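For reference, the chains in residue letters:
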Amino acid sequence: MPALTGSLTRAEDKPLGGYEEKEGGMPLDSWSSDLSETGRTERRTVLFLASRLEVRDAKGACLRKIDRQRTAGAAIRETGGGAWLELELKDGGAVRLAMSALAGRDGLRELRDKIERWANPHRNEEGSLPGESAFSPEKAEEKLTWKRRGKALLGLLSYAAPHRRAIAVSVAVLIAGVGLETLPPYLMKLMIDEGVLQGSTSKFIAIIATLIIVYGLQAGFQVYQSMIGIAIGNRMMSHIRMDMFAKLMKLSVRYYEQRATAPFIGRIQNDTAWVQGFLSEGISQLAAQVILAGAIFAILFAIDGRLALGVAAFLPVCAIVVLWLWPRIRSLMNRTWNTQYWLQKYIGEALQGIRVIKAFRREEEEKRRFDRYNEESVRRSIEQQRLLQWLQPMINLAISGGIAVVWLIGGRFVIQGTASLGTLVAFTTYLSMLLGQLQWNMNLAGQANASLAAADRILDLLNSEDELPVRGTTMPLPKGGGEIVFDGVSFGYENGREVLRDIHLTIRPGEKLGITGHTGAGKSTLLQLLARFYDPAAGSIRIGGVDLKRADPADLRRRIGIVFQDTFLFDGTIAENIAYGIEDATPRKIMEAARLARASAFIERLPFGYDTRVGERGVRLSGGEKQRISIARTLLLDPSILLLDEATSSVDQETERDIQAAIDYLCQGRTTIAIAHRLSTIRSADRIAVLDKGRLVELGTHEELAAGGGIYSKLLDARSEPPKAEQVAR
C-alpha cells in the first residue's frame, strides 16, 4: 500500500503544483498523499487557500474546488480494511477527499485536523465527538438566527391555514381560560376582607361557591383547549410527515449519494414530534402565559401601585439573569442534540453494514465505537440535566425570597392600616403566579427554540430543489418508445472526474444492444442516465425525438423496465415484490411473470409459495432467487424499453440459460440494452457496444468485433470463450 503522508507548505514557501499567486493568493497550508480518494496509486495534494480548498493531481491540475463558506468540517469513515476522509458540507452533503489503509489513519487524522482548523478558525468545537465534525444537520440550533426562526414559524403557520376555524375556537377558549385564571386571587381578597374579617358567613360561603365554580370552569376550558390543540397538532404533524416523505421520493439519486440516510428517519420521526408538541400545546401555552403575565402585571398595579413598582424595579435584574443563563442552556441543548445525531447515524450505518462487520470480525471494535458515541451522549445529557436541576431550586429560592420580601413590606402596610390583609394575600398570590409564569416561560422558550430548530430542518428538506426538474413544457414520449439517441453525452459523478466522455450512440426501435467493457468503463452509468437517475453534464439523450429533460418522469418510468445488478427486495411477500410496479396485478399475471423468469419452480417449493415473506432486503432468498424475482417484476411491468444491468450475474449456468431464454422472448418487439461481463449473454445481440475509460470505442456485431482485433476480441481471449460456446449459450 502506498504511503500516506502529510506535508506542510507555509505561506512564505514556494507554492505547490505550480500554483500562481494571481489565482487567489498563496496557500495557507497543504497536505499530500500518494493514494487518491478512490484508492488508486495517484498523487493528490490538498491546498488550503483563504477562500477555498483545492484538490490537485501530480501535474498540478485542479480536480476540485470547494468554497470555505460551504465547508462544515471533516470526518473519517472506516471500512473492514481501510478508511477514507469526507469533507462535510453545511448543506448536509459530503465529498470524499482521501483514502488509506487502516494503518494509515494517522495521515487522515492530520488532514482532518487541518480541515477543522481551516474551516472553523474561531470556533470552539463544543459538542463534537472525537474524530467527528462539530457540525451536523441536527445541530442547527447553534446556527439558528432570528430571521430563520421567523421563517420556520411562518412555515409552520402555513400548515395551520386549513385549521383556521378550530384555531379560532382554541384562541377564544384560551382567552376565556386566562380570564378565569386571574379571578381566584381577587376572590380570595374579597373572601378575607369582606367575609372573614367582617364576620359575614353568607358572603364567605357565596365567595367560596363562586371560587369552586371558577376552578371548575377553568379546568373544563383547559381540557377543551388541550383537546383542540392536540387534534390540530397531530393533523398538522401528519401533513408535514406526508410532505416530507413525498419530497424524499422526489429528490434525485445524487441527493442521497451525498448524504447519510439514517438522519432522515430522525427528521421524519423526532423533528416532527418536536413540532407536534409545539403546535398542539407549546404555542397555546406560550400565548396563554404571555397574556396571563400581562394581565397579572396590570392587576398588581390596580391592587397596590407601591408594591407593584417595587416588583417592576426587580424585573430588569431577572431579565439580565435570564439573558445570561439562556445561551448556556441553549449551548448544552445543542451539544446534546449533536451527540444524539452522531449516535443515531452510527447505529444506522452499523446495522446496514452488519455483514461486513461480521465478515471482518469487527464486532468488538464496533462495540467500542458505539460505547464512545453512547458515553458522549450520556455525558452531554447529564450535563444538561444537572444544569436544569440546579437551576430549578435556585429559581424557586428566588421566587420564595421575593414573595417573603413582599410579605415583609406589605405586612408593614397592613399593620400601618394603609393596605388590607386581603389585598396583601391577593398581591402575593398574583406575584407567585407572575414569577411562576416567568419560570414556565423559560421552559417554554427552550421548547420553542428546539421546535423551531426542528421546523427549520424540516423546511430545509422541503425547500430542497429537485436536481432533475423538467425543463420547459412537459412532452409525452411516443408510443413504443422510438429511437434512442445519445448525442455527445458526457457525465461525471464529481466535477473534474468524467465517467462518460462524448458518447454518440443511436439505438433503433426494437434493437437489442449489448454493452461490455472493463470494470469502471461507465456501462451502468450509461443505463442510469437513460433512466434519468442523473442528467448528463454535456450533450443530450432523446427517446423518439424527446429530450429526457423535457419528458414526463412518470411516463418515462412506465416505458422503461430495469433489472439492476444489485437486487433490492422489500420486506413483503414474493407476490408483493413481483407486483411492486403494477397496482392492479392479478395473481395469474404474477405467476405468469414468475414462470417466464424461471422463478416459479423455487417459489412453489417454499412453504407459503407466493405468500412467503422475503425478509428485509430479501435476506431469506439466495442471490439468484432474488435476481429472478427482480426479472419477474420487470416482466410484469411490460415496458417498451428494457435495461438489463448484469441481469444473470447471480445465477448458475443452467439457470442462466433459462433466464436468457425468457429474456430473449421478452426482448421481441422491445428495445433492449443489456450490460454483461459474460460475453455469452450478449452474443445474440443485434449490435455490441464496447466502452473503455468512459468512451465508446467499438460498435458492431459479435462477428465483426471478434474479428476486429480490438478490445472486444481481447476480452473474448481473456475470458476463454471459444466461438462454439455461442451455441451452448443460446
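The rules behind these values
- All residue numbers refer to positions counted from 1 along the written sequence of the respective chain.
- Local features in this predicted model are restricted to residues whose pLDDT is 70 or higher, and side-chain atom pairs enter the listing and the counts only when it is 80 or higher, whereas totals over whole chains, interfaces and linings include all residues.
- To obtain the side-chain values, all non-hydrogen atoms of the structure were used and water was disregarded.
- For two strands to pair, DSSP has to find at least two bridges joining them.
- Every helix listed is a DSSP run of H or I at least four residues long, and every strand listed is a run of E at least two residues long, numbered separately from the N terminus.
- Whether two residues touch is decided by their heavy atoms; if any such pair falls within 4.5 Å, the residues are in contact.
- Note on definitions: angles span 0 to 180 degrees between N-to-C directions of axes, and those axes are lines fitted to C-alpha atoms, for helices only across the stretch in contact.
- Patches were defined on residues exceeding 30% relative accessible area and lacking a salt bridge, with like-charge contacts within 9 Å and nonpolar side-chain contacts (Val, Leu, Ile, Met, Phe, Trp, Tyr) within 5 Å.
- Accessibility throughout is a Shrake-Rupley quantity obtained with a 1.4 Å probe, and a residue counts as covered only by protein chains that appear here.
- For this analysis, a salt bridge means a side-chain nitrogen from Lys or Arg found within 4 Å of a carboxyl oxygen belonging to Asp or Glu.
- Each Phe, Tyr or Trp ring, with Trp reduced to its six-membered ring, pairs with another whose centre is within 6.5 Å; inter-plane angles below 30 degrees give stacked pairs, above 60 give edge-to-face pairs, and intermediate values give tilted ones.
- Per-residue accessibility, obtained with a 1.4 Å probe over protein chains only, is compared with the maximum for each type, and a residue is labelled buried under 20%, exposed over 50%, and partly exposed between these values.
- How sure the predictor is of each residue is captured by pLDDT, a score from 0 to 100.
- Working definition of a nonpolar core: buried Ala, Val, Leu, Ile, Met, Phe, Trp, Tyr and Cys residues. They are joined through side-chain atoms within 4.5 Å.
- Any N or O atom pair separated by 3.5 Å or less is treated as a polar contact, with the protein-specific requirement of one donor-capable and one acceptor-capable atom, and with residues adjacent in sequence counted only for side-chain atom pairs.

Asker: Help me understand the sheet that holds strand E8 (residues 484-491) in this model?
Answerer: Hydrogen bonding along the main chain pairs the strands of a sheet, whether they run parallel or antiparallel. Here 4 strands make up an open sheet; going across it, the order is E9-E8-E11-E12 and the pairing antiparallel. At either margin of the open sheet sits one strand with a lone partner, and together these are strand E9 (500-507) and strand E12 (546-547). Where E8 meets strand E11 (residues 538-543), 5 bridges bridge the pair, whose relative direction is antiparallel. Bridged to valine 485 within E11 is arginine 542. Across the face of the sheet, helix H12 (residues 523-530) comes into contact with E8, E9 and E11 while running at roughly 120° to E8.

Asker: Help me understand a nonpolar patch on the surface in this model?
Answerer: Taken together, Val196, Leu197, Phe204, Ile205, Trp407 and Leu421 make up a surface patch of nonpolar side chains, about 540 Å² in accessible area. Along the chain, isoleucine 205 turns up in helix H5 (residues 201-250).

Asker: In this structure, what is going on with the packing of aromatic side chains? I would like to understand it.
Answerer: Think of a pair of aromatic rings as described by two things: how far the centres are apart, and how the planes are tilted against each other in angle. Enumeration over the complete set of coordinates arrives at 5 aromatic pairs. A ring pair is formed by phenylalanine 491 and tyrosine 534, whose centres lie 5.3 Å apart and whose planes are at 50°; its orientation type is tilted. Pair noted here: phenylalanine 491 is in strand E8 and tyrosine 534 is in the loop between H12 and E11, with a separation of 43 residues, a long-range link. Taken as a pair, phenylalanine 491 and tyrosine 534 share a single burial class, namely buried.

Asker: Any chance you could explain unusual backbone geometry here in plain terms?
Answerer: Across residues other than glycine, the phi torsion is negative in most instances, and most of the peptide bonds are trans. We note that aspartate 638 has phi near 55°; this positive angle belongs to a residue other than glycine. Within the secondary structure, aspartate 638 is located in the loop between helix H17 (623-637) and strand E14 (641-645). Non-glycine residue lysine 693 carries a positive phi angle of around 55°. If you trace the backbone, lysine 693 turns up in the loop between strand E16 (687-692) and strand E17 (695-700).

Asker: What should I look at first to understand the sheet that holds strand E15 (residues 671-675) in this one?
Answerer: Within the open sheet, the 6 strands sit side by side as E13-E14-E15-E10-E16-E17. Their pairing is mixed. This sheet does not close on itself; its edge strands, each paired only once, are strand E13 (560-563) and E17. Recorded for the sheet is a direction-independent mean angle of 15° between the axes of neighbouring strands. Two strands pair when backbone bridges link them, and E13 and E14 are joined in this way by 4 bridges, in the parallel orientation. Bridge pairing links glycine 561 to leucine 642 in E14. Packed on one face of the sheet, H17 meets E13 and E14 and runs near 175° to E13.

Asker: Help me understand the environment of glycine 520 in this model?
Answerer: Mapped onto the elements, glycine 520 comes out in the loop between strand E10 (512-517) and H12. Under the relative-accessibility criterion, glycine 520 is labelled exposed at 63%. Sequence separation between glycine 520 and aspartate 692 is 172 residues; the distance between their C-alpha atoms is 8.3 Å.

Asker: Help me understand the environment of tyrosine 224, please; the structure alone is not making it clear to me.
Answerer: Note that tyrosine 224 resides in helix H5. Relative accessible area serves as the criterion here: at 43%, tyrosine 224 is assigned to the partly exposed category. Apart from residues no more than four positions distant in its own chain, tyrosine 224 is found in contact with Val169 and Val173.

Asker: Honestly, the confidence of the model for the chain in this entry has me stumped. Any pointers?
Answerer: Note that predicted coordinates carrying low pLDDT should not be read in detail. Per-residue confidence for the chain gives a mean pLDDT of 77; residues scoring 70 or more make up 83%. This stretch, residues 1-24, has a pLDDT under 50; its non-local contacts, to residues over four places away or in other chains, come to 54 contacts. The low-confidence segment residues 123-142, where pLDDT is below 50, has 69 contacts with residues more than four positions distant or belonging to other chains.

Asker: What am I meant to see in the pairing of E17 here?
Answerer: Here E16 runs beside E17; their pairing, made up of 5 bridges, is antiparallel. If you follow leucine 691 over to E17, its bridge partner there is leucine 696. Hairpin remark: E16 followed by E17, antiparallel, with 2 residues in the connecting loop; positive phi at lysine 693, about 55°.

Asker: Is there a simple way to think about the pattern of salt bridges in this case?
Answerer: Applying the stated criterion across every chain yields a total of 22 salt bridges. Note that arginine 44 and glutamate 42 form a salt bridge whose closest N and O atoms lie 2.9 Å from each other. The exposure class of arginine 44 is buried, given its relative accessible area of 4%. The partner of aspartate 193 in a salt bridge is lysine 189, with the nearest N and O atoms 3.6 Å apart. Here the residue aspartate 193 and the residue lysine 189 both occupy positions in helix H4 (residues 183-196), the gap between them amounting to 4 residues, near one helical turn. By relative accessible area, aspartate 193 is classed as buried at 13%.

Asker: I would appreciate a short explanation of the nonpolar core in the present structure.
Answerer: For soluble globular proteins, the rule of thumb is that nonpolar side chains tend to be buried together. Core analysis: the largest hydrophobic core is formed by 39 residues, its most contacted members being Ile578, Ile590, Ile603, Tyr610 and Ile629. Those elements that provide at least two residues to this core are helix H14 (574-578), helix H15 (587-596), helix H16 (600-605), H17, E14, helix H18 (653-667), E16 and helix H20 (711-718). Ranked by the residues each element gives to this core, the list is headed by H17, at 5 residues. Among all residues touching isoleucine 590, those that are not within four sequence positions of it are Ala575, Ile578, Ala579, Ala585, Tyr610 and Leu636.

Asker: Explain the environment of glutamate 42 here, please?
Answerer: With respect to the helices, strands and loops of the structure, glutamate 42 is situated in the loop between strand E1 (29-33) and strand E2 (44-48). The partly exposed category is assigned to glutamate 42, whose relative accessible area is 27%. Sequence separation of glutamate 42 and alanine 58 is 16 residues, and the distance between their C-alpha atoms is 7.3 Å. Those residues in contact with glutamate 42 that sit more than four places away from it in its chain are Ser33, Asp34, Leu35 and Ser36. There is a polar contact of 2.9 Å between the side chain of glutamate 42 and the side chain of arginine 44.

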